[in-house]
Amino acid sequence: MLSTVSPTSTARSSLEEMLESIRRRDDRPKDVPPALPARPNSRARLPSSRRSLPINFKIGGAAPEYLPNDSVGREEKKEDQDPRHDKESGFKGVVFGNKKLLKDLPAESPYVRTAENEDFEQRSDETMDIDTAAVPPSSASPSNEECGWGDNNGYLLKKKLRVWCRLPNGPWKMGRIQSISGVDTVISLSDGEVVTVSSENLLPANPDILEGVNDLIQLSYLNEPSVLHNLQYRYSHEKIYTKAGPVLVAINPFKEVSLYGNNFVLAYRQKLMDSPHVYAIADTAFNGMMRDELNQSIIISGESGAGKTETAKIAMQYLAALGGGSGIEYEVLQTNSILEAFGNAKTARNDNSSRFGKLIEIHFGSTGKICGAKIQTCKFALNKVVQRAKGERSYHIFYQLCAGAPPLLKELLNLKAANEYYYLKQSGCLTIEDVDDAQRFHMLMEALDIVQVCKEDQENAFAMLAAVLWLGNISFSVIDNENHVEVVEDEGVTNAAKLLGCNTCDLMLALSTRKIQAGNDNIVQKLTLLQAIDARDALAKYIYASLFDWIVEQINKSLEVGKWRTGRSISILDIYGFESFHKNSFEQFCINYANERLQQHFNRHLFKLEQEEYSQDGIDWTKVDFEDNQECLNLFEKRPLGLLSLLDEESTFPKATDLTFANKLKQHLSVNSCFKGERGGAFSIRHYAGEVLYNTSGFLEKNRDPLPSDSIQLLSSCSCKLPQLFASNMLNQSQKPVNPLWRLKSADSQKQSVGTKFKGQLFKLMQQLENTTPHFIRCIMPNSKQLPGMYENDLVLQQLRCCGVLEVVRIARSGYPTRMTHQQFARRYGFLLLEDVTSQDPLSVSVAILQQFNILPDMYQVGYTKLFFRTGQVGTLEETRHRTLQGILGVQKFFRGRQARCYFQELKKGITTLQSFVRGETARKEFELLVRRWRAVVLIQMHMKQRITRKTFNDQQKTIILLQSVIRGWLARRHFESLQSYKESNIEQSKVERKAEQKLPEMKDSEQNVQVRSSVLAELQRRVLKAEASLREKEDENATLQQQLKHYETRWLEYEVKMKSMEEMWQKQMTSLQTSLAAAKKSIVADNVVSPPNMVSPPGRLDASPVANYYDSEDAMSMEMHTPDATPAKALTHLPDIGRPREPDGVQDAVGRLVKEFEQRKQVFDDDAGFLVEVKSGQSTSSMNPDEELRKLKLRFATWKKDYKFRLRETKATLHKLGNSETDRVRKKWWGKRSTRAT
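Because the structure is a prediction, the values reported are computed rather than measured. (Residues numbered from 1 in each chain as written. Predicted model: local features only at pLDDT ≥ 70, side-chain atom pairs only at ≥ 80, totals over all residues. Heavy atoms only, no water.)

So, on to the pairing of strand β7 (residues 247-251). Judged by how many residues are buried, β7 sits mostly within the fold: 5 of 5 residues are covered. Residues V247, V249 and I251 line one face of β7 and the alternating positions L248 and A250 line the opposite face, and both faces are buried. Two elements, strand β6 (residues 241-244) and β7, share 4 bridges in a ladder whose sense is antiparallel. Each bridged residue has a counterpart across the sheet, and for K243 the counterpart in β7 is L248. (Buried < 20%, exposed > 50% of the residue type's maximum accessible area, 1.4 Å probe, protein only. Helix = DSSP H or I, 4+ residues; strand = E, 2+ residues; numbered from the N terminus. Pairing = 2+ DSSP bridges.)

Structural data, given as structure tokens:
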């Protein structure tokens, strides 16, 4: 490390410098104008001829005419200075001239100038950067003049200043000066203790009002204890972000803090908050990209465990919120989960340590929306796959896969628990506290789906991971005394071969033997145990490294920009942090080398290029010393005697060992102050962050990282897609030419070492960053125990020193962060001048603007080509410009509004007049057309209504005529049927009368014995008439029921559900008939009882009650037989016909026989119908056809019914005849008696 502190500055105390600066500031006149640039000395370049100069600017031996005398004297003083001053001051190796800087760079520097870089620098010179956030600091600089303490004792005692004092045990404490005695000072500490310390151990402290300021530039006194105290104060109040000039310092809180979310994003987006935050840095980068159309970069650095990965996520979330809307921002955010799973692991200092470097380049469209992204990685040998220290874990994806894979995937990959794989269990650490690997795996699956990695590719990737785990379980057995081995055929080799898609024997042969080509012959050599293990581990590492590259390639394909590329992008760099463990190997060697290169990029932009620009433009500037790590970088990169060159050279020797490599380093690099050889195979390097001791054990083997050709052939022969792709990529890379910047003497990249490949990737990364405008975030780890609320001053101070925060703040305080060319300044603010200056040159216009707005001379300087402003000075101009532009826009708005309104009113008036004429003409035409249409409609309606009325009348007339014809026909038929029935009844009556006449003699003989009462005979006649009426009604009902029967037959299936209810109704009707018959019998018996006991019933007398009951029963029978359930199935028993009564005294018996026959028939038909119902519903099995049996049953019923009606009529006629004869007999008897009386 090169310290550039001058002897004069080290001889004087910081407190003395502070007091002297106060005095100088008080004595300085306030109204002295700034000095214009003097003639450049030998170390500053002349302005370009393309840029305008002041009109009276002259280059010669004398100073410009317009310069004040003090500037001339200062120029002469500079020329008279001893050129050896730089060497005496210890400022070695730091040159600020641009050309010389590029000339002195190593041959393999990533900052080699290209045409593209020149164009970028030219555009950067024309870029305006305005910063209005900070308060302008004091511009006083410490003087080199010596001043004794004796002159300041009274002032110090009077003011009782607060100071920091270093106690004998080391820590800094705050107190107030009580007294001064020579070089000793009595200090009263804040806790009441009084101590005496030397004046050399005192530093001024800031007043209470400056405690916890959000920008270190605002501190009145900038020293280490003040910075530490300010950071600790903010950290204790959960303010983890602090600005250090252009750098954001982020302290890891090791807990959740309420500083993020949509509300904070909106607040920073709308400029409602200006406190330091990652959001503010991302917003500045976004605005710079959109305003200046220059690519930006956010470089996040710090030690391992400082929170770089989480900071990168927060920055990406803010950019996604700013550029959201296209949908691709969700895919960009989900890449964090994927890359963390495959590239991060648990180390001794960090549970989520990045084992690779990634540069996420987010592309934006012309409207500021995200249109794509690209991920660039920087990695080295993935030793974490096969071996790790105690308490560490391999990459997260292995544990997540074992814990969260679904059952089907586990069965497909033959997965087991993580503790059953050698690669995972060897470190004794399988889990991380408060981390659910299964849940993380599900989040990974969702992320892969969002970035559009198909399910088949996901399964192939998981198969490769499982194959790596099973490769670690492959074991070997020694087969001879020379320690040669063969692969044990167990589930490890079987499952690995199955997942890779290769033959098990081929895999066993590739891991236990090696083919060596000797001329035209191939010699198969058996491997020893150590060689076989190395071959197995090399295959596993290559598969995982290739899988990682394939995953990144798939993500880049999904996030590809395509045709929407605009050239605007913001790159976010998240790289592994500086590491220093108890035992440091090749992995820490590469990581710390990358951090050295990143620190040089930091120094280059914040120290070298910044101060170089001041020198080139010839402004009055006192250089700020800083620690340059260029010598350490030379130790790594110098050729041919650099660490990487010697490592590659030693790796090419077959018999070289790690010890010979260490001896070679001691032999060639001992002259470098950053290198120190140690005993054995160790060496130490003094990095920018501290000294690290490295053990060379395994350096050569890890640098070679050989993959035997047998393994490549094995992958080529696999049936799975990914192993074939990995092998083809290896073969393709071996045929590509190597970049000349880091090309080795070997012909192909297969022979390139890991260190050379890593340096090439790192150079490519730095070249991409060089073409962007950087924004730096320094992450600080507050304690080594990773506990919240704990603040270790020594650890924080070491990190602040390493990253040069104090130097950055010093440059920011005394420097000029805002700069613009004369042309830019005049073009941007020239319209604010009160007088016309169009004919003047840009420099004159710029000076006039500064004088008009009364900008203090100490707040800016005028260079050859640019104006340099201190922090916040352009804010007033920018605010005035904004107000003026707003006023101009307001005037333009009102004027254009007035003009537009007038034009609109005139146009509206003309259009309204035109519309009135057009609408009138149109309305008249439409009205005429409407009238014609109305008349046509009325005419059409009249004809249509006539036609409809005629048609309706004709239809109604036809319907009435048809109805009349039907009714008249029905009445005629009914009259005809009544006449016919009357004729038949007369014929039958005549037959009965003839029969009665034939039997009249016999009846005369028995007339003496038969005496019938006239009342009984009249009752019988009435019942007969009633029975006839009932019979006619039943016949009509019978006809209706027969029609219903046909209808029911067509709806047989529909009425099956109602079968049971119909049967119940049938039973009720039969019960009613039985009740009616019983009542008829009782009536006959009652008539017989009412007649006188001495009166004997005449033979041939019949009772009419059974006849009436019969008609009721017939009606019930007819209704039941029309139901679809009445299907006969049993063998029907036919009763013999009951003959008509032959003798008069058997009339009553004939009626009883008719009643008995009706009951018997009813029972038979009930049984037959019930049986058919059972057959139809499936309750009874029978071979007969139910439909056919139903038809037969109806036929038998109709036959019986016809016969029954005939006999019923005969019985009625007999009763009627008997009634008439009885009446005649009584009448004759009455007339006989009357005649006898008369005579």
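The next thing to look at is the nonpolar core. I298, F342, F398, L507 and L547 are the most contacted members of the largest nonpolar core, which has 140 residues in total. If you tally residues by element for this core, the top one is helix α20 (residues 529-558), at 13 residues. Those residues in contact with L507 that lie beyond four places of it in its chain are L471, I474, V493, A496, A497, C502, L539 and L714. Listed in part, the 58 residues of the second largest apolar core include L606, V624, F675 and L769. (Core = buried A, V, L, I, M, F, W, Y, C linked by side-chain atoms within 4.5 Å. Contact = heavy atoms within 4.5 Å.)

In this model, helix α21 (residues 586-616) (31 residues) spans 42 Å end to end at C-alpha, consistent with the 45 Å of a helix rising 1.5 Å per residue. The sharpest bend along α21 comes to roughly 45°, located at R604. Judged by how many residues are buried, α21 sits mostly within the fold: 29 of 31 residues are covered. Downstream of α21 by one or two residues, G618 has phi in the positive range, about 70°. (Expected span 1.5 Å × (residues − 1). Bend = angle between axes of the 7 residues up to and from the residue.)

This paragraph deals with a nonpolar patch on the surface. Where nonpolar side chains cluster on the molecular surface, the patch consists of L963, I967, W970 and L971 and spans about 400 Å² of accessible area. If you trace the backbone, L963 turns up in helix α33 (residues 874-998). (Patch = residues over 30% accessible without salt bridge, like charges linked within 9 Å, V, L, I, M, F, W, Y side chains within 5 Å. Areas by Shrake-Rupley, 256 points an atom, 1.4 Å probe, with all protein chains shown as cover. Salt bridge = Lys/Arg side-chain N within 4 Å of Asp/Glu carboxyl O.)

Below, the discussion takes up the state of the cysteines. A full pass over the atoms with the stated rule returns 0 disulfides. For the unlinked cysteine C502, the closest cysteine sulfur is that of C718, found at 4.4 Å. Judged by relative accessible area, C502 falls into the buried class, the value being 13%. (Disulfide = S-S within 2.5 Å.)

One pass over the structure, following the stated rule, counts 29 aromatic pairs. Over the face of the ring belonging to F602 we find R778, whose NZ or CZ atom lies 4.3 Å from the ring centre. Its guanidinium or amino end placed over the ring of F894, K893 lies 5.1 Å from that ring's centre, counting from NZ or CZ. (Phe/Tyr/Trp six-rings, centres within 6.5 Å; stacked < 30°, edge-to-face > 60°. Lys NZ or Arg CZ within 6 Å of the ring centre and 35° of its normal.)

What follows concerns the side chain of S558. Relative to the helices and strands, S558 resides in helix α20. By relative accessible area, which is 18% here, S558 ends up buried. If sequence neighbours within four positions are ignored, S558 has contacts with E331, V451 and Q452.

Pairing is antiparallel across the open sheet formed by 3 strands, whose spatial order is β22-β24-β23. Each of the sheet's edge strands pairs with one partner strand only, and the pair in question is β22 (818-821) and β23 (860-862). Across the sheet, the mean angle separating the axes of adjacent strands is 15° when strand polarity is ignored. As paired strands, β22 and strand β24 (residues 866-869) are joined by 4 bridges and run antiparallel to one another. Each bridged residue has a counterpart across the sheet, and for M820 the counterpart in β24 is L867. (Axes fitted to C-alpha atoms, helices over the stretch in contact; angles between N-to-C directions.)

Before going further, it helps to examine the pattern of salt bridges. This structure, assessed with the given rule, holds 32 salt bridges. Notably, a salt bridge pairs D537 with R536, separated by 3.2 Å at the nearest N-O pair. What you see here is one network of salt bridges that share partners, running through E310, K313 and E340.

Cis peptide bonds are those with omega within 30 degrees of zero, and the linkage from R639 to P640 qualifies with 5°. Relative to the elements of secondary structure, P640 occurs in the loop between α22 (630-637) and α23 (643-651). With a phi close to 65°, D434 is a non-glycine residue in the positive phi region. Residue position: D434 is located in the loop between α15 (422-425) and α16 (437-450).

Let us now look at the environment of A417. Structurally, A417 can be placed in the loop between α14 (407-413) and α15. Note: C-alpha distance between A417 and L401 (16 residues apart in sequence) is 9.5 Å.

Below, the discussion takes up the sheet that holds strand β18 (residues 675-677). Strand order across the open sheet formed by 3 strands is β18-β19-β20, with antiparallel pairing between neighbours. Pairing within the sheet leaves two strands with one partner each, and these edge strands are β18 and β20 (690-695). Between one strand axis and the next, the sheet turns through 20° on average, direction left out of account. α22 rests against β18 and β19 (682-687) of the sheet, and its axis sits at about 145° to β19. The strands touched by helix α24 (residues 658-669) are β18 and β19; relative to β18, the strand with the most contacts, the crossing angle is about 130°.

Right, let's talk about the packing of α20 against helix α26 (residues 709-716) for a bit. Closest axis-to-axis distance for the α20/α26 pair is 10 Å, and the angle between their directions is 50°. The orientation of α20 relative to α26 falls into the category oblique. Relative to α26, α20 is oriented so that their crossing is right-handed. Residue-level inspection shows L539, Y542 and I543 of α20 in contact with α26, the latter providing S711, L714 and L715. (Parallel < 35°, antiparallel > 145°, perpendicular 65-115°, else oblique. Left-handed = near helix turned anticlockwise from the far one by under 90°.)

Along the chain, Y593 turns up in helix α21. Using a relative accessible area of 1% as the deciding quantity, one classes Y593 as buried. Along the chain, Y593 and E637 lie 44 residues apart, while their C-alpha atoms are 9.5 Å from each other. If sequence neighbours within four positions are ignored, Y593 has contacts with L633, F636, E637, L644, F758, K759, L762 and F763.

On to the side chain of K358. Note on placement: K358 falls in strand β11 (residues 357-364). In terms of polar contacts, K358 uses its side chain to reach the side chain of D574, at 2.8 Å. (Polar contact = N/O pair within 3.5 Å; in protein donor to acceptor, adjacent residues only side chain to side chain.)

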